[in-house]
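Listed below are the residues making up each chain.
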Amino acid sequence: MKKSIILIIVLFVGFAGSQCTKNENRPDLKLSFQSSVNDINTAISKISGTKGYQLMSMSGDAAKSEDSFKDSITLPLIAGIYDYQPNPVPRNHYYFPYRLFKKTGESEKMIVNLPERMVFHPKYLHYYSPKDSVLKNNFTVTASDYHLYYTWWKSYDYKLSAGFTLDSEYVGDLDVSSSAHSFIDNFYSSKFTFTGGYNVSTEWQTGDTTVSSFALLKDKDVLLKETRVFIWDDFHRGEKQYILTIGNIDIKRATNIDSIQVYLDGVLQKEAAAVIKDGADTTGSICHKRDILLTFNDGTTAKLSEKIDPALTKLRTLIDSMHSMYFAKNIVDYIAVSIYYNTR
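A brief look at the structure comes next. (Residues numbered from 1 in each chain as written. Predicted model: local features only at pLDDT ≥ 70, side-chain atom pairs only at ≥ 80, totals over all residues. Heavy atoms only, no water.)

## Examining the overall build of the chain
Here is step 1: Of the regular secondary structure elements, the chain holds nine helices and 18 strands.
Here is step 2: Considering only contacts in the chain between residues 6 or more positions apart, those separated by 24 or more positions represent 51%.
Here is step 3: Per element, the accessible surface of the chain, about 18,500 Å² overall, is 53% carbon and sulfur. (Helix = DSSP H or I, 4+ residues; strand = E, 2+ residues; numbered from the N terminus. Contact = heavy atoms within 4.5 Å. Areas by Shrake-Rupley, 256 points an atom, 1.4 Å probe, with all protein chains shown as cover.)

## Quick word on the pattern of salt bridges
Pairs may arise between side chains of opposite charge once their charged atoms sit close together.
Here is step 1: Following the criterion strictly, the structure yields eight salt bridges and no others.
Here is step 2: We note a salt bridge from Glu-106 to Lys-103, for which the minimum N-O separation is 3.4 Å.
Here is step 3: In this structure Glu-106 comes out as exposed when scored by relative accessible area, which is 65%.
Here is step 4: Here Arg-290 ties to Asp-278 by a salt bridge, and the two come within 2.7 Å at their closest N and O atoms. Here Arg-290 is found in strand 17 (residues 290–295), whereas its partner Asp-278 is found in strand 16 (residues 273–278), with twelve residues between them in sequence.
Here is step 5: When its relative accessible area of 6% is taken as the criterion, Arg-290 is described as buried.
Here is step 6: The structure contains a network of salt bridges with shared partners spanning Glu-239, Arg-253, Asp-278 and Arg-290. (Salt bridge = Lys/Arg side-chain N within 4 Å of Asp/Glu carboxyl O. Buried < 20%, exposed > 50% of the residue type's maximum accessible area, 1.4 Å probe, protein only.)

## Re helix 9 (residues 326–342)
Here is step 1: Helix length check: helix 9 (17 residues) gives 23 Å between terminal C-alpha atoms against 24 Å at 1.5 Å per residue, within 8%.
Here is step 2: Where helix 9 bends most, the angle comes to about 35°, and this point is Asp-333.
Here is step 3: Counting buried residues in helix 9 gives 15 out of 17 residues, a clear majority hidden from the surface. (Expected span 1.5 Å × (residues − 1). Bend = angle between axes of the 7 residues up to and from the residue.)

## Remarks on the nonpolar core
Here is step 1: Counting 86 residues, the largest nonpolar core has Phe-101, Leu-114, Tyr-146, Leu-160, Phe-164 and Phe-327 as its most contacted members.
Here is step 2: Looking at this core element by element, the count peaks at eleven residues for helix 9.
Here is step 3: With residues near it in sequence (within four places) discarded, Phe-327 still touches Leu-55, Met-56, Met-58, Val-119, Phe-164, Leu-174 and Val-332. (Core = buried A, V, L, I, M, F, W, Y, C linked by side-chain atoms within 4.5 Å.)

## What to know about helix 8 (residues 311–323)
Here is step 1: Here helix 8 contains 13 residues, and its C-alpha end-to-end distance of 18 Å stays within 8% of the 18 Å for a straight helix at 1.5 Å per residue.
Here is step 2: Within the sequence span of helix 8, burial applies to Ala-311, Leu-312, Leu-315, Leu-318, Ile-319, Ser-321 and Met-322.
Here is step 3: Just downstream of helix 8 lies Met-325, where phi reads positive at about 60°.

## Here we look at the packing of aromatic side chains
Here is step 1: For the structure on display, the rule yields nine aromatic pairs.
Here is step 2: Their ring planes at 90° and their centres at 5.2 Å tell us that Phe-164 and Phe-327 sit as a pair that is edge-to-face. Here the residue Phe-164 occupies a position in strand 6 (residues 156–166), and Phe-327 occupies one in helix 9, the gap between them amounting to 163 residues. Note on accessibility: Phe-164 and Phe-327 belong to one class, buried. (Phe/Tyr/Trp six-rings, centres within 6.5 Å; stacked < 30°, edge-to-face > 60°.)

## Let's talk about the pairing of strand 7 (residues 169–180)
Here is step 1: The pairing of strand 6 with strand 7 spans eleven bridges and is classified as antiparallel. When the bridges of strand 7 are listed, Tyr-156 appears paired with Ala-180.
Here is step 2: Here strand 6 folds back onto strand 7 in antiparallel fashion, the turn holding two residues, of which Asp-167 has a positive phi close to 50°.
Here is step 3: Relative to strand 8 (residues 186–193), strand 7 is paired through eight bridges, and the arrangement is antiparallel. Paired with Asp-175 across the two strands is Lys-191, which belongs to strand 8. (Pairing = 2+ DSSP bridges.)

## Quick look at the sheet that holds strand 16
Here is step 1: The strand order across the open sheet built from three strands is 16-17-18, with neighbouring strands paired in antiparallel fashion. The sheet is open, and its two borders are formed by strand 16 and strand 18 (301–303), each paired with just one other strand. Between one strand axis and the next, the sheet turns through 15° on average, direction left out of account. (Axes fitted to C-alpha atoms, helices over the stretch in contact; angles between N-to-C directions.)

## Quick look at the side chain of Asp-83
Here is step 1: Position of Asp-83 among the secondary structure elements: in strand 2 (residues 80–84).
Here is step 2: Look at Asp-83: it is buried, it has no salt bridge, and the nearest opposite charge is Lys-102 at 8.5 Å.
Here is step 3: Only 2.8 Å separates the side chain of Asp-83 from the side chain of Asn-113, close enough to count as a polar contact.
Here is step 4: Here Asp-83 is in contact with Leu-100, Phe-101, Lys-102, Thr-104, Asn-113 and Asn-137, once residues within four sequence places are set aside. (Lys, Arg positive; Asp, Glu negative; His and termini not counted. Polar contact = N/O pair within 3.5 Å; in protein donor to acceptor, adjacent residues only side chain to side chain.)

Right under this line is the structure:
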């Protein structure tokens, strides 16, 4: 009898222990959320301290040639190695009165060496000053793919793949694709790879259905990603689907779902909840006055904007600048067009 009792106790303790082990190994939503926001804050902190962030987060006055240039350029037309060596003799051209770059070698790519001040402060690139000719050409743009096609009615096709170095040190890589076939049919995607394996990408596609997204990754691991899908109905744009990924957590809302769903590692968290809060002038993005209030299984809550502040402000600046193609238009395009006009 005693042996039977002992055996039952051993079996019970073993079963209870296995259940505790299972509970301990089961992912916890609250802990996963905190770990994920820590990764996001660390990533943005490291990114914002890089030269790549300085490049991609710039904004300001547009280049004076932006609205006037409606020609087409391909990489073979501007391929070669160029140094910033401005010629002080004026040319008979309104937008490019001075030759800024001199071809110093052959290459299938467009490789341009210029002073870093021209890149981090574009006004010095757009408006020539004789004293700038003595500056060291310590910043290099290496474009391995480039084309800019313009047709009537503002249709265009654009591609840029380029790497950047400063004093021979790696700064980052930029890949941009953009096209427009009508006033409502547009596509844009941009990705910048920073030092440390971090990269930020943003995408926008319009038409009958509009899809907008951005993502923050460490190597191939998604730290933060937001996807919005809109449809046009009676001249009104309505949000059809919204997905926010925070590490291994997915928050989803769709027109065919009654409530906002929270997933952890792909498993629906039935006891968890989320509330999407929009400002009066929000664009439907956490980068522009949309906020998420997450309720965990234990009833406690966390507001996303508070957990990733000030990282969210820095991320917003970065994504806005990338989406406007500020660096591509005002630095790389300006260089390419300048070279194109001065080598014809």
